[in-house]
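Chain by chain, the residues:
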Amino acid sequence: MSLRPSLSSLSPAAAVVLASLAAPLLADVSGVVLDQDSNPIVGAQVRLQTTSAPVATTGPGGAFTLTTSFSGSRVLTASLPYAPGAPPHYNTAGTSVTNGATGVTLLLPVIPATSQTTSGILNLPDANFCGICHTGQYSQWQTANHAGAARDAWVMDLFAGTGTPGGAAGYVYKTSHDPGETGFCATCHISLADVTNPGNVMLDDPAFESPVVMDGVGCLACHKIDGVNGANLNALHLLGKTSYRFPDDLGTSWPFVWGPLPDVAQTMRNSEAAVYRDSLYCASCHQYTNPSTGAPGQNTYVEWQASPYAVPGPGFRSCQDCHMPAAATDGTLASGGPTRPGSQRHNHSFVGATPTTLAGAITLAANGAEVGGVVQVNASVTNNAGHAFPTGISIRNAMVLVSASYLGTPLVQTSGPTIPFWADDDVPGTQPGDHFGKPGKGFAKVTEGRINGTGPVVRPTLFIDAEALYSNTLIPSSTTDNTTVTFALPPDAQPGWLIDVSVKLLYRRAWRALAVTKGWALTPQGGPIEIQVDEKQFQVALTTPVELQQLQIE
């Protein structure tokens, strides 16, 4: 039996006194933020580690006062947000303090201005090394498409014809372009190699097959980025838009990384870079045009900019919010690190278009009726994603297929759009999966151009051969595309007959002709090339006698 009184058994005044004694007193923590040479740093942000508020900003002499309240000791951190091209730059740092501490000194290491050599970059630790401490992020990344970027089978088929057994069939960049032309594949797919000579590295050059390069879009390929230039938005990654930094610290550059957090004070030489919290960071690889012709490549970032998700307010969602969602529980970022709220721990699987995500973002609705002696079918596709549907590289495409039949016999389309040419393969005749000319509508960004700048105009082309945009029927974010198709009734149709209607929404990760020519049966990650996002099946009951139907048609 406890002799300690409960608050409910005390008078109101006594309860207030006891509660105030039990809680830590609000107290200021004060001191200075200096660099390693004891020079004051003005504008640094000081906070308790793992918290977002309160924050104190250093003033003249690097002085700060943080009003806070806590028990025991906590880690106090400081960061000067990184500004590319505006040195000096500093790593984040921290020190243990108690509530009410004064005279605290926080020393921020200066980032060396010199850079690693080419060989030093290629010898940086790979993702497996990072995974020793960052086990959660590493295991998630291993499932991501980013992890296979260096030797993605489809990319290797298109570049050199070496990714799959049938990869040499059809289009191969190296055999259809001038010797030595790179196609700029390496700049995103093996950026840690391309950074040595941007735009001039061959994707399959064995000289760059070091473990860290073969990670593709791996840990250091992302966390060595120190800036993305939004003023040069349509440049190709390292070709004028994205900068990497490899400080030379006695030949050991690997601890220097950039990221979104302002309070990392452990082993890594972390610097806070606000761009990691910005969709602009993703534009580094997911927004560009053809460097020679200006024809569109990927336009995902600009699509997002035009969406409601880019508008500040309660509906705002960045690329990271959707593709790197916060964890649902508290946990650590690295072994031995502090416990952080889920909002500071983001998924590194980078999930994109899957049956689940497509079903959650894209909505199909359909209805039909007998109207004026024909069956009219209306289909609506609503895009709730933060970018166009479909988005990304131009080989992605989608379509809504509409069909109507009576007792298994198809009805003849009398009006409305049809599926474009790009829905078929290049094999003579019609095979299952060929949909050109069928009732419905296609959604794609189709570019055209001459291969290597010579010969006839080809459409669709890969972005590297694109000279112009042929058509763009993508569905913008937060909009609905409506399709209406009509079908003639059988000549002997009678009231009460039931017409079967099907409306399918299909998404394809590659042009059908490309997939069939190369013999692709699955994506490089083992997923389906074609995904049926949704299907609506229903029946339309006829009500008008056939004689009146004919009069109405005439």
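Novice: Give a description of the overall build of the protein chain that names residues and reports values.
Specialist: A count of helices and strands for the protein chain gives 16 helices and 24 strands. Overall size of the protein chain, expressed as C-alpha extent along the three principal axes, is 95 × 75 × 40 Å. Out of the 554 residues belonging to the protein chain, those deemed buried represent 46%. Look at the contacts in the protein chain between residues 6 or more apart in sequence, and 66% of them connect residues 24 or more apart. With an accessible surface of roughly 25,000 Å², the protein chain has 58% of that area assigned to carbon and sulfur atoms. Each charge class in the protein chain was averaged separately, 25 positive and 38 negative side chains, and the resulting centres sit 6 Å apart.

Novice: Before we move on, could you go through the nonpolar core and cite the residues and values that matter?
Specialist: Counting 67 residues, the largest nonpolar core has I190, L192, V213 and W520 as its most contacted members. With five residues, helix α5 (residues 153-159) is the single largest residue contributor to this core. Ignoring sequence-local partners within four residues, the contact set of I190 consists of A150, V201, M202, L203, V213 and M214. Core analysis: the second largest hydrophobic core is formed by 32 residues, I362, L364, A398 and A404 among them.

Novice: Would you mind going over the environment of A334 in detail, with residue names and values included?
Specialist: Relative to the assigned elements, A334 resides in the loop between α13 (319-323) and α14 (355-361). Separated by 265 residues in the primary sequence, A334 and S69 have C-alpha atoms spaced 26 Å apart. If we skip the residues at most four places from it in the chain, A334 touches C133 and H134.

Novice: Tell me about the pattern of salt bridges, and name the residues and values.
Specialist: According to the stated counting rule, one finds 11 salt bridges in the structure shown. When salt bridges with common partners are traced through the structure, they connect D425, D434 and R512 into a single cluster.

Novice: If you had to explain the sheet that holds strand β14 (residues 362-371) to someone new, which residues and values would you point to?
Specialist: Backbone hydrogen bonds are what pair the strands of a sheet, in a parallel or an antiparallel way. Read across the open sheet, the four strands follow the order β14-β15-β22-β18; overall the sheet is antiparallel. Since the sheet does not close on itself, it has two edges, and those belong to β14 and β18 (413-415), each with one partner. Here the average twist between neighbouring strands, direction ignored, is 30°. Bridge analysis of strand β15 (residues 374-383) against strand β22 (residues 479-488) gives 10 bridges, and the strand direction is antiparallel. Paired with V381 across the bridge in β22 is D481.

Novice: Could you give an account of the sheet that holds strand β4 (residues 63-68), naming the residues involved and the relevant values?
Specialist: Pairing in this open sheet of three strands is mixed, and the strands run β4-β1-β7 from one edge to the other. Looking at the sheet topology across the chains shown, the edges are occupied by β4 and β7 (104-108). Ignoring strand direction, the axes of neighbouring strands in this sheet form an average angle of 35°. Bridge analysis of strand β1 (residues 27-35) against β7 gives five bridges, and the strand direction is parallel.

Novice: Residues and numbers for helix α4 (residues 135-142), please.
Specialist: Taken together, the buried positions of α4 are occupied by Q137, Y138 and W141. Down the axis of α4, the buried set is contained in an arc of 100°. They therefore lie on one face. Structurally, α4 contributes buried residues whose contacts are with α3 (127-130).

Novice: Quick one: what's the story with the packing of aromatic side chains, residue by residue and with numbers?
Specialist: Per the counting criterion, the structure on display carries 13 aromatic pairs. Aromatic pair Y288 and F463: ring centres 5.0 Å apart, planes at 65°, arrangement edge-to-face. Residue Y288 is located in strand β12 (residues 287-289), and its partner F463 is located in the loop between β20 (457-458) and β21 (468-472); the two are separated by 175 residues in the primary sequence. On the accessibility criterion, Y288 (8% relative accessible area) is buried. Every member of this aromatic cluster is reached through a ring pair, and the members are Y301, W304 and F316.

Novice: I'd like a description of unusual backbone geometry, backed by residues and values.
Specialist: Residue P88 follows P87 across a cis peptide bond; omega there is 5°. With an omega of -15°, the peptide bond running from F389 to P390 counts as cis. Here P390 is to be found in the loop between β15 and β16 (397-406). The backbone phi angle of H237 is positive, close to 45°, even though this residue is not glycine. Structurally, H237 can be placed in the loop between β8 (225-228) and β9 (242-244). Located in the positive-phi region is N452, a residue other than glycine, with phi close to 60°. Of note, N452 is situated in the loop between β19 (440-450) and β20.

Novice: For the confidence of the model for the protein chain, give the residues involved together with the corresponding values.
Specialist: Low-confidence regions, as indicated by low pLDDT, have predicted coordinates that should not be scrutinised in detail. Of all residues in the protein chain, 92% have pLDDT values of 70 or greater, and the mean over the chain is 92. Counting contacts from residues 1-10, a segment whose pLDDT is below 50, to residues more than four positions away or on other chains yields five contacts. Here residues 548-554 is a poorly scored stretch, pLDDT under 50, and it has 11 contacts once near neighbours within four places are set aside; other chains count.

Novice: I'd like a description of the pairing of β1, backed by residues and values.
Specialist: Taking burial as the measure, the nine residues of β1 include seven buried ones, the bulk of the element. Direction of pairing for β1 relative to β4: antiparallel, over a ladder of six bridges. Note on β4: the bridge partner recorded for V32 is A63.

Novice: Go over the side chain of H387 with me, naming the residues and quoting the values.
Specialist: Secondary-structure assignment places H387 in the loop between β15 and β16. Look past the residues within four positions of H387 in its chain and what remains in contact with it is T300, E303, W304, H323, I475, P476 and S477.

Novice: Residues and numbers for the side chain of Q320, please.
Specialist: You can see Q320 is positioned in helix α13. Among the residues examined, Q320 registers a relative accessible area of 9% and is labelled buried. Within polar-contact distance, the side chain of Q320 engages the backbone oxygen of D278 at 2.8 Å. When near neighbours in sequence (up to four residues on either side) are disregarded, Q320 contacts V275, Y276, R277, D278, S279, Y281, C282 and P325.

Scoring rules and cut-offs
Residues numbered from 1 in each chain as written. Predicted model: local features only at pLDDT ≥ 70, side-chain atom pairs only at ≥ 80, totals over all residues. Heavy atoms only, no water. Helix = DSSP H or I, 4+ residues; strand = E, 2+ residues; numbered from the N terminus. Buried < 20%, exposed > 50% of the residue type's maximum accessible area, 1.4 Å probe, protein only. Contact = heavy atoms within 4.5 Å. Areas by Shrake-Rupley, 256 points an atom, 1.4 Å probe, with all protein chains shown as cover. Lys, Arg positive; Asp, Glu negative; His and termini not counted. Charge placed at Lys NZ, Arg CZ, Asp CG, Glu CD. Core = buried A, V, L, I, M, F, W, Y, C linked by side-chain atoms within 4.5 Å. Salt bridge = Lys/Arg side-chain N within 4 Å of Asp/Glu carboxyl O. Pairing = 2+ DSSP bridges. Axes fitted to C-alpha atoms, helices over the stretch in contact; angles between N-to-C directions. Arc of directions from axis to C-beta. Phe/Tyr/Trp six-rings, centres within 6.5 Å; stacked < 30°, edge-to-face > 60°. pLDDT = per-residue confidence, 0-100. Polar contact = N/O pair within 3.5 Å; in protein donor to acceptor, adjacent residues only side chain to side chain.

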